[in-house]
Amino acid sequence: MGGYAGNLIYVDLTTGRIEVKPLDMGFARENIGGLGFGAQIFLELIKDKPHFDPLSADNPFILMTGPLTGCGMDATARWTVCSKSPLTGYWGDANVGGHFGARLKLAGYDGIVITGAAQQPVYLSINDQQVELRDASAYWGQDVYTVTDALTKDLRADSPKPGQVLAIGPAGENGVRFANLINKKGHAAGRTGLGAVWGFKKLKAIHVAGTGKLRIAHPAKLKALRSELKAIYAESIYIGSIQSAGTPAHLDVGIITGDIPIKNWQMSDWEDFDALGPASIEEKIHAGGRTCHACTVACKKNAEVKEGPFKIEKGPGPEYETIAAFGAMCLNADIESVAKANEICNRYGMDTISCGSTIAFAIDCFENGLLSSEDTGGIELRWGNAAAIVAMVEKIAKNEGFGAILAEGSAKAAEIIGKGASRYLTTVKGLEAPMHDPRNAHGFGLAYGVSPRGACHEASLVFEVEGGAMYVPELPALADELPEGSEGRAELNVACQDYGMFFSHCAIFCNLGAAPLNATQAVAMLNHVTGFNYTLEEVMKIGRRLWYLKRGLTNLFGARAKDDRLPARLMTPMSEGPTEGSIPDMERMLKAFYKLRGLNEDGLPRESVLREQNLADLADLIYT
Amino acid sequence: MLPEYYQFHHPTKVMYGEGLVGDFAHELEELGVKNYFLVSDHVVDGLGLIQPIREGLAEAGFRITGEFYDVPQDASVEAVESISRQAKDSGAEGLIAVGGGSVIDAAKAANFIFSEGGDLIADYSGAATLVRPLKPFIVIPTTAGTGSENTLVAVIYDVANKTKLLFSDKFLLPDLAVLDPLMTRSLPPGLTASTGMDALTHAVESYVGVDASPHSEALAVAAIKNIFQYLVRATKNGDDLEARGGMLIAANMAGSAFSHSMVGCVHAMGHAVGGLTRVPHGVANAILLPHGMEYNFEVSKEKYAALAPVMGVDTTGMSVDEAARAAIAAVRDLLRQLNALDAIPVRLKDAGVPHESLPAIAEAAAEDGTIVYNPREVEAEEILIHVRNAY
Amino acid sequence: MAVFKNHEVFKEVIVGFFNLLGDTPQVADRLLASKMVIRFIYSDPDLAVVVDCSGDKMDVRPDDMDTKVIVEMSMKADIAHKFWFGKVNLTMALTRRQMVAKGPVPKILKLLPAIKPSYAMYPKYLDDNGYAQYNIH
């Protein structure tokens, strides 16, 4: 067998007890890894007390790698985290690349399960066999860049190989509801606010140093697959585009079809838009590239602003989502200010999609007279006011003044602001929608609606398939020509969820870098690395079960059919441009989807369906 | 494959123990003399390290006839002459050196004139100039690096001619080496790291050198293993006496190893860097070791590959090339760990070497005496590439 | 069924449109700045067109198979037609090989902002030049 490190770390922060337990290989075979492990372990931990505040010692936090994490192939650096979301109150998870997951595997562990809460700030130190909680009071309050550098340096001498740091910043400490976790300054487990979970638990960071090796079950076969893929990667224009410009390459492509939300989802094109695009990035902020562990795609780009009000030192640059959120969504054409907002988010540890969208929402409220500069502490939240946007990011991070209201997330902020502010929301289940417009691709609408963690473009592979980056000929729903409009999107969503759970939640492939893989290659890679003999049917089945598990957990935490709807800002047709007049037919898609998935009118998976999926514990929790 | 012929000669008695410096006098009985002249430096004296030695010797009925503390950073001809004169004048019959490489080498060289008279440079420069044993010579090292307490060489700086003189003779080997971790406890992190890396350089270079033998290889391997186990610990926490002891033993073994098989191009480069820029010997060697290993890669890779597991690398499934690369990487990693403790620079640039001196360093390295023992011919032009890489 | 049944009509439409782009400074200036030389190879109906931006003026040369170009793009005429309406998901077209590009990818992608105004021009161009029957998107 290969791929797995073979051990899981269990940390009880309340008692300080640490246990290392061997990974059960039967469990591994059945759940593959990543969220496949995480969700199952989460359910096991909460089933005796299923109702609790996300910001309480009862909320478990689970970090899991997949069998591919750290295997050395392209696009396999990713790993997952999950917990109950402080932002939404539902199931929360995030998927992230960088170097932490691979290093954790090399130290000998597939994942970390954290329960309880510490009284005083701590960090977890993992150095091969040595695992211990240590006092973090010296690091508490430090921003992500500072604590990353400090821990790396302070512990560098303890291992021949440099360690990796996963940390929260002051936003997580301050309980910002969309605080995140960051590895190596720019790789964020971004969505659903799990940084606040750490903040509550007084867990500042995990430092992992490891000198081991990852066993590959069939190295020769893996090598042959690597050669096969090399030719495919060399030919892929999609890979070529993210290699050259990173995810911001989408700014030039997405604008053609109306994929990019502008002015809080009220426009699909804008005369100043190119000021945010790859050419402008290259001219104004680009400062070289970076990569995740062992990945030759190397889509990560650095940014630097040498002078002016938005000066930043060289560091991880803004991704596509960040540029759309702080730029297009706020009608802000100043790319340097976007780089600055990105840096503040990275330093303080905040999700850029939620932060940017929440500010766009606040600007919408301000411009429509629901807020005045008196409410905002003198900050003129106007469209395109770059200085105000950047100032507000910092206020949010510090949970200060009006920032403290926005730090609750836009959905709760709308309740606080009142006066019908919710009409400017872009959230589903409390999570701000990502920067891809369902009016351009209706399947995205259904994907946002039914995603267990709230509006999300990576909770399945709908974005990749309907958006065009992926094509999986072995699965007809992921290969057939899609009719225009909303037709066939329920079938598309179901297949993209099942395959996506396997692909980017369990295995774990990177949705961007692994886009060129077909299903045969993806399953082969998993088998070569693990030595298991999965078939496509099997991984689809495992994926399906995980989807029901996540959906069921979100239902358990209170989500119902009404929470599967899109907000008005996403459902208002454009009067011009490429998506003119188009809105997703949510009723039609949801109806078909509920039927395909066996959901009742409340949006819950039927009890029989859960039992069929071998989710008896979940069925008991929901139905008894 | 075994060498066609080799010999191993190791008359020095080595003793190890915590607190041993106050309690080793009984071992002197068999040397037959009672009156010793003590050589050290002001730093060692200032740390109070001499007092327990004085007391132990006095208790056992030995007499210290005089003490000398003015050994400069690089042992000079002048110091050597003063030591031999003062020792003789004091009525001593033997020498005790307490210190690092300079003190030991100064006393070692002084023993030539102290025992046999004559002129240091004119009569003893070079190798094998002696025909009979010198007077009793005891060494107590206060650094864990040079291993000079266990070698047959002394390096003396000729201030007048700005050259380093090499003396090599089997009769230079000390009679007794006393290894006591309490003596290195006060060594600051920077010196701990650089002297330790010097020992690693001795071990690695002797292991791959042309004159390596099964005996020297065994000592080199044991030294490398200890250094990888203990150097970071000793640098990080000077009071870690186990680590201090492990490093003393490692340096001693590495000294013996290189005393038998000599060193190679790292030392050639190190000597050049030290001669031209005054970067301390250990620091220069530390920085240059991985680069020297790269230089010798093709001819030494089988040996590097054999060292990789000794350095803690899991080599299962690795080819010879991969394992050899992993060994070099392990040395780099060790250097970086020490660097993280602010104990040593990783690049020549950070050691204060001016960029324009690189060609001169390469030239000098290609002419250094140690290159005859390097497994690959040393060409200035090619060594320059590696010196540049180290910058 | 292909939109253009005949080679001659398609050639007139596409060459005419490229020439219109060449006469539109808003588009042409940025293309000329890129110095791009690109050959489009259309099928069903078959046609090859070189758009040469290496000089002072955009030069459109139908049936040129000799010029050494920087980028070569192959696609069906229908896809090209749809593209100029701004209705092609470029990512999907490339992934599914409905468009095949040979040459340096970043250079191709950099041209996208330059040609953005052309999507609005195409339907108008069809209407104004007697090709209204093809204005179907």
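Across its full length, chain C carries 7 helices and 5 strands. Counted from the first residue to the last, chain C has its helices and strands arranged as α-α-β-β-β-β-α-α-β-α-α-α. Relative to the compact-globule value of 14 Å for 137 residues, chain C shows a C-alpha radius of gyration of 14 Å, a close match. The principal-axis extent of the C-alpha atoms belonging to chain C is close to 35 × 30 × 30 Å. Across the 137 residues that make up chain C, the buried fraction comes to 53%.

Our next topic: the sheet that holds strand β8 (residues 130-135) of chain A. Residues and elements named next belong to chain A. Pairing in this open sheet of 6 strands is mixed, and the strands run β8-β7-β12-β9-β10-β11 from one edge to the other. At either margin of the open sheet sits one strand with a lone partner, and together these are β8 and β11 (187-189). Shown here is a sheet whose adjacent strand axes are inclined to one another by a mean of 20°, direction ignored. Of the strand pairs in this sheet, strand β7 (residues 122-127) and strand β12 (residues 203-209) are connected by 6 bridges, and their pairing is parallel. Bridging across to β12, Y123 finds its partner in A205. The sheet contacts of helix α3 (residues 100-107) involve β7, β9 (164-167), β10 (181-183) and β12, and relative to β12 the element is tilted by about 60°.

Most contacts, compared over the 2 pairs of chains touching, are made between chains A and C. Note that chain B does not reach chain C: the shortest distance linking a C-alpha of one to a C-alpha of the other is 33 Å.

Residues and elements named next belong to chain B. By the assigned domains, chain B splits into domain 1 (13-183) and domain 2 (189-390). Centre-to-centre, using C-alpha coordinates, domain 1 lies 26 Å away from domain 2. Listed as interface residues are 20 residues of domain 1 and, on the opposing side, 18 residues of domain 2. Summed over both sides, the interface of domain 1 with domain 2 buries roughly 1,600 Å², with 62% coming from carbon and sulfur. Counting across the domain 1 and domain 2 interface gives 1 salt bridge. Of the charged contacts in the structure, one is a salt bridge between D74 and R278, with a shortest N-O distance of 2.7 Å. Counting across the domain 1 and domain 2 interface gives 4 residue pairs in polar contact (both at pLDDT 80 or more). Listing elements by their share of the side of domain 1 that touches domain 2, those giving two or more residues are β1 (13-16) and β9 (176-179). Here the side of domain 1 that touches domain 2 is composed, by residue class, of 10 nonpolar, 6 polar and 4 charged.

Our focus in this paragraph is the interface of chain A and chain C. In this assembly, 27 residues from chain A lie in contact with 22 residues from chain C. Per-residue buried area on chain A facing chain C is highest for I237, V253 and I256 of chain A; these three make up 29% of the total on that side. Taken together, the links from chain A to chain C amount to 5 salt bridges. A salt bridge links K116 of chain C to D269 of chain A; its shortest N-O distance comes to 3.8 Å. At the junction of chain A with chain C, the criterion picks out 7 residue pairs in polar contact (both at pLDDT 80 or more). Those elements that provide at least two residues to the side of chain A that touches chain C are α8 (237-245), α9 (249-257) and α18 (462-467) of chain A.

To continue, consider the pairing of strand β3 (residues 59-62) of chain C. Strand residues, when the strand is regular, have side chains that alternate between the two faces of the sheet. Residues and elements named next belong to chain C. Both strand β2 (residues 47-52) and β3 contribute to a ladder of 4 bridges, which runs antiparallel. Residue pairing across strands places V49 opposite P62, the latter belonging to β3. A loop of 6 residues connects β2 with β3, the two strands running antiparallel in sequence.

Residue and element names in this part refer to chain A. Positionally, E537 belongs in helix α21 (residues 536-556). Owing to a relative accessible area of 58%, E537 belongs among the exposed residues under this scheme. Sequence spacing of E537 and Y499 is 38 residues, and the spatial spacing of their C-alpha atoms is 9.7 Å.

Further remarks concern the side chain of D169 of chain B. All names here are of chain B. Structurally, the position occupied by D169 is in the loop between β8 (163-168) and β9. Although D169 is buried, it makes no salt bridge; K170 carries the closest opposite charge, 7.0 Å away. The contacts of D169, once residues within four sequence positions are left out, are A128, T129, L130 and L152.

Turning to the packing of helix α9 (residues 265-277) of chain B against helix α10 (residues 281-295) of chain B, a few remarks are in order. Residue and element names in this part refer to chain B. Following both chains from N to C, one finds α9 and α10 inclined at 140°, their axes separated by 8 Å at the closest point. As judged from the angle between their axes, α9 and α10 are oblique. Classified by chirality, the crossing of α10 by α9 is right-handed. Contacts between α9 and α10 pair C265, V266, H267, M269, G270, H271 and V273 from the former with H281, A284, N285, L288, L289, G292 and Y295 from the latter. Split by residue class, the contact of α9 with α10 holds 8 nonpolar, 6 polar and no charged.

The rules behind these values
Residues numbered from 1 in each chain as written. Chains lettered and ligands numbered in written order. Predicted model: local features only at pLDDT ≥ 70, side-chain atom pairs only at ≥ 80, totals over all residues. Heavy atoms only, no water. Helix = DSSP H or I, 4+ residues; strand = E, 2+ residues; numbered from the N terminus. Rg over C-alpha atoms; globule rule 2.2 N^0.38 Å. Buried < 20%, exposed > 50% of the residue type's maximum accessible area, 1.4 Å probe, protein only. Pairing = 2+ DSSP bridges. Axes fitted to C-alpha atoms, helices over the stretch in contact; angles between N-to-C directions. Contact = heavy atoms within 4.5 Å. Domains from an automatic or database assignment. Buried area = accessible area lost by both parts, 1.4 Å probe. Salt bridge = Lys/Arg side-chain N within 4 Å of Asp/Glu carboxyl O. Polar contact = N/O pair within 3.5 Å; in protein donor to acceptor, adjacent residues only side chain to side chain. Nonpolar A, V, L, I, M, F, W, Y, C, P; charged D, E, K, R; others polar. Lys, Arg positive; Asp, Glu negative; His and termini not counted. Parallel < 35°, antiparallel > 145°, perpendicular 65-115°, else oblique. Left-handed = near helix turned anticlockwise from the far one by under 90°.

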